[in-house]
Amino acid sequence: MTAQMEDRPADGGQMGVYVYGILPGDIEVESGTEGVGDPPGEIRVVRHRDLAALVSDVHLDRPLGRAEDLFAHEELLDATAADVAVLPLRFGAVLTTDDAVAEELLGAHYDEFTSALQQLEGHAEYVVQARYVEQVILSEVLSEQPEAAQLNESIRGADPDVTRDARMQLGEVISNAIEVKRQADTEALGDALSGQVTASVVRPPSSELDAAYVALLVETGKAKKLQQAVERLAKQWQGRIDVRLIGPLAAYDFVGAPAPAEAAAGD
Amino acid sequence: MTIAPQSGGGVAQRPQASGLADVIDTILDKGLVIDAYVRVSLVGIELLTIDARIVIASVDTYLRFAEAVNRLDISQEKEGLPGLVGDLEEGGAKHKTKGAIEAAGEKLREFADASGGERETQRSRRRGD
C-alpha cells in the first residue's frame, strides 16, 4: 500500500499517486483497468474506514493531459457513477503516497465526504446540450430584428475593410439576440425536465450557438423518464435546435469545494 | 453504463460523453479541487491541458456572425443552383467546426494520435455485483 516512493522506474523519476474520485468503501476494481499516464498506471483502491479512493501511480516527471489521460479519467468515473455514488476529483490531482490519500484526504475530511456521498447515492449526472442550427437561428434573428436586417443590407457587396464597424455592430446585435433566446430556451428546458431532476446547474455556454447547456442530477430510477422528456423536447425543437443528452456521468457539477454536501441539496 | 439509444428515436440520440470537447468541459472545470482538501502531501505535476472555454461576446464572434449572415444571403439568392449551394453549405459546416473547442482538441490531438480505435470502458463496481 505504501510503496510508491520506493517504486522508482528505470529512469530514476519519482512516482506519485493520482486520485480520480472518492466513493463508498464497498467497491472493487476490475484488475487491469488502466488509468492516466504513459504507460498507463493500473487503477487501485485506497481505503480508509468505509471510504475509498480510486488511484493509480504516475511518473511525476511526465506531464499529464493527453487526450488518453482525459478520457481515462472521465471514463473511469462515469462508469463507476453508473453503479455507485462517487465524488469526482478535477483532473490532475496527485498526492505523494497511498498513506497521504488515506489519512490527509479521506481521513481528514471523512464526515464531509461521507455526507456528500449519501446525498449523491442513487443519483447520476446528465448533461443536456442544445445548439441552434446556425442558418435557422440567423434567419430568425434577421426577420425579428430590423436593425440586423438593415446592417446586413448595408454591408452587402461592400469592401470588408470599410464595413468593419457595421459588421461588428451586426454581429453584436445577433449575439445579443441569441443570448435572449438562450435564456428563454434554457428556461423552457428547465421547465420541461423539472419533474425528472433532483437538482440542476446551468453551465456557461460552450459555443455561441448554444441554446441551453445544463447539468442535471437525476435519480437512477428516473433516467428513462428523463430520456423520454428530452426526446419529446428534441422533437418539439427539431430543425431549429439540435439536442444531445449525455450521461450518466459522475456528478462533476454537483460537488464543490469546500463543502460538497451543500451542492447536492439545492433544487 | 450509458442509456441504450432507442430504436427509431428522435434527435437526442447520443447519450454518452463522446467527444474530447465534452470531456474537457467537464473534468478540467468541474469536480472536487484537491487543493481545497490537501496541502502537505500535494504534488504539483505538469498539466498539458489548456483552457478550452470560449468567450461568447468577442470580436471574433461578432465578425463570424456577420460573415455567417452574409453567407446566408448568398445561399438564399443562389437557390436553384444546387451544386453551388452544396459547396457553400459544406464550407459553412467546415467553418462551424473551427470553434475554439475544436481548436483546443487539435492541440491535444497532437499528443493523442496513437489512440485511434475504440476505447475500452473501464469500471469499478460494488463487491458482490
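Residues numbered from 1 in each chain as written. Chains lettered and ligands numbered in written order. Predicted model: local features only at pLDDT ≥ 70, side-chain atom pairs only at ≥ 80, totals over all residues.

Of regular secondary structure, chain A possesses 8 helices and 10 strands. For 267 residues, the compact-globule estimate of 2.2 N^0.38 gives 18 Å, and the C-alpha radius of gyration of chain A, at 24 Å, exceeds that figure by more than 25%. Viewed in the frame of its principal axes, chain A has a C-alpha envelope of about 70 × 45 × 30 Å. Taking all 267 residues of chain A together, the buried fraction comes to 52%. For chain A, restricting intrachain contacts to residue pairs at least 6 apart in sequence, the fraction spanning at least 24 positions comes to 73%. (Helix = DSSP H or I, 4+ residues; strand = E, 2+ residues; numbered from the N terminus. Rg over C-alpha atoms; globule rule 2.2 N^0.38 Å. Buried ≥ 20, exposed ≤ 12 C-beta atoms within 10 Å, placed from the backbone. Contact = placed C-beta atoms within 7 Å.)

Reading predicted coordinates in detail is not appropriate for stretches of low pLDDT. All names here are of chain A. On average, residues of chain A carry a pLDDT of 90, and 91% of them reach 70 or more. Below pLDDT 50 for its whole length, residues 1–9 participates in 14 contacts with residues either more than four positions away or in separate chains. Counting interchain partners and residues more than four positions distant, the pLDDT-below-50 stretch residues 259–267 has 22 contacts. (pLDDT = per-residue confidence, 0-100.)

The next thing to look at is the domain arrangement of chain A. Residues and elements named next belong to chain A. Domain parsing of chain A yields domain 1 (4–121) and domain 2 (124–138 + 178–263). The centre of domain 1, based on its C-alpha atoms, is set 28 Å off from the matching centre of domain 2. Elements supplying a minimum of two residues to the side of domain 1 that touches domain 2: helix H1 (67–81), strand E5 (87–88) and helix H3 (110–120). Ranked by residue count, the leading element in the side of domain 1 that touches domain 2 is H3, at 5 residues. (Domains from an automatic or database assignment.)

Looking at where Ala85(A) falls in the secondary structure, it is placed in the loop between H1 and E5. Not counting chain neighbours up to four residues away, the residues in contact with Ala85(A) comprise Leu23(A), Pro24(A), Leu117(A), Leu120(A) and Glu121(A).

Turning our eyes to something else, we now look at unusual backbone geometry. Peptide bonds are mostly trans, and most non-glycine residues show a negative phi. All names here are of chain A. Note that the residue after aspartate 38, namely proline 39, is joined by a cis bond; omega there is 0°. For proline 39, the position within the fold is in the loop between strand E2 (27–29) and strand E3 (44–48). The amide bond that connects glycine 247 to the next residue, proline 248, takes the cis arrangement and shows omega of 5°. Position of proline 248 relative to the elements: it lies in strand E10 (residues 241–249). In this structure, arginine 49 is a non-glycine residue whose phi angle is positive, near 50°. With respect to the helices and strands, arginine 49 occurs in the loop between E3 and strand E4 (51–59). A residue is classified by how many C-beta atoms lie within 10 Å of it, and arginine 49, with 11 of them, is exposed.

Residue and element names in this part refer to chain A. Here alanine 116 lies in helix H3. Among the residues examined, alanine 116 registers 26 C-beta atoms within 10 Å and is labelled buried. Sequence-wise, alanine 116 and leucine 245 are 129 residues apart; in three dimensions their C-alpha atoms are separated by 25 Å.

This part covers the sheet that holds strand E9 (residues 210–219) of chain A. All names here are of chain A. What the 4 strands build is an open sheet, ordered E8-E9-E7-E10; its pairing is antiparallel. For this open sheet the edge positions go to strand E8 (199–202) and E10, each flanked by a neighbour on one side alone. Between one strand axis and the next, the sheet turns through 20° on average, direction left out of account. Strands strand E7 (123–132), E8, E9 and E10 of the sheet are contacted by helix H6 (residues 164–193), whose axis makes an angle of about 25° with E9. (Pairing = 2+ DSSP bridges. Axes fitted to C-alpha atoms, helices over the stretch in contact; angles between N-to-C directions.)

This part covers the packing of H6(A) against helix H7 (residues 223–237) of chain A. All names here are of chain A. Orientation of H6 relative to H7, taken along the N-to-C sense of each, is 140°, at an axis distance of 10 Å. Comparing their axes, H7 and H6 come out oblique. Crossing geometry of H6 relative to H7 is assigned as right-handed. For the pair H6 and H7, contact is made by Leu189, Ala192 and Leu193 and by Leu226, Ala229, Val230 and Leu233, respectively. (Parallel < 35°, antiparallel > 145°, perpendicular 65-115°, else oblique. Left-handed = near helix turned anticlockwise from the far one by under 90°.)

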